[in-house]
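What follows is each chain in one-letter form.
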Amino acid sequence: MSSLLKQAWSEVVRPMWKRPNRFQVAALCYRGKGERREVLLITSRGTGRWILPKGWPIDGMNAAEAAMQEAWEEAGVKDGKIADQPLGEFHYVKHMDDGGAAPCSATVYPIKVKAMEEKFPEADERELKWVPAEEAAEMVDEKDLQQMLRDF
């Protein structure tokens, strides 16, 4: 009987409780090329840790366009060339305003930055920093994102 309960738990009950990850889009903003290439990190509003600009999908925009919008709102990227294909995906736990936590998957779109503005919607809420990709990998917490930055 015990093995039947374990099997029921692992094959039926547990999968029903597990919700799929929420989907977000992220912008890997970069400038320069070769050894001089740098990526842009921003601080999160809540904890102040280093992250990529990211957010929820936006009605009327595809994922790449939504990533560009997040780059504008959170980092001031005014103009950039978005890659046709995402670079990859990373997983993390988003701490919600209501105190809850939600597992998320963020699809990352590289954006070659052409122009930035000093005044943008979240300018007073975030710090920005341009760093080499290897250094950025050491600054972020998410393992998948660390590897993506190293590979970039």
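Residues numbered from 1 in each chain as written. Predicted model: local features only at pLDDT ≥ 70, side-chain atom pairs only at ≥ 80, totals over all residues. Heavy atoms only, no water.

A. Summary view of helix H2 (residues 63-75). The end-to-end C-alpha distance of H2, which contains 13 residues, comes to 18 Å, matching closely the 18 Å that a straight helix rising 1.5 Å per residue would cover. Buried within H2 are the following residues: Ala64, Ala66, Ala67, Met68, Glu70, Ala71, Glu74 and Ala75. Measuring from the side-chain oxygen of the N-cap residue of H2 to the backbone nitrogen of alanine 64 gives 3.1 Å; that N-cap residue is asparagine 62. (Helix = DSSP H or I, 4+ residues; strand = E, 2+ residues; numbered from the N terminus. Expected span 1.5 Å × (residues − 1). Buried < 20%, exposed > 50% of the residue type's maximum accessible area, 1.4 Å probe, protein only. Polar contact = N/O pair within 3.5 Å; in protein donor to acceptor, adjacent residues only side chain to side chain.)

B. Geometry of the pattern of salt bridges. Enumeration according to the criterion identifies eight salt bridges in this entry. Its salt-bridge partner being arginine 31, residue glutamate 38 comes within 2.8 Å of it at the nearest N-O pair. A salt bridge links glutamate 74 to arginine 126, with the nearest nitrogen and oxygen atoms 3.5 Å apart. Placement of glutamate 74 in helix H2 and of arginine 126 in the loop between strand S7 (101-116) and strand S8 (128-131) is noted, with a sequence separation of 52 residues between them. On the basis of relative accessibility, which here comes to 9%, the residue arginine 126 falls in the buried class. Linked by salt bridges that have partners in common, Arg45, Glu74, Glu122, Glu125 and Arg126 make up one network. (Salt bridge = Lys/Arg side-chain N within 4 Å of Asp/Glu carboxyl O.)

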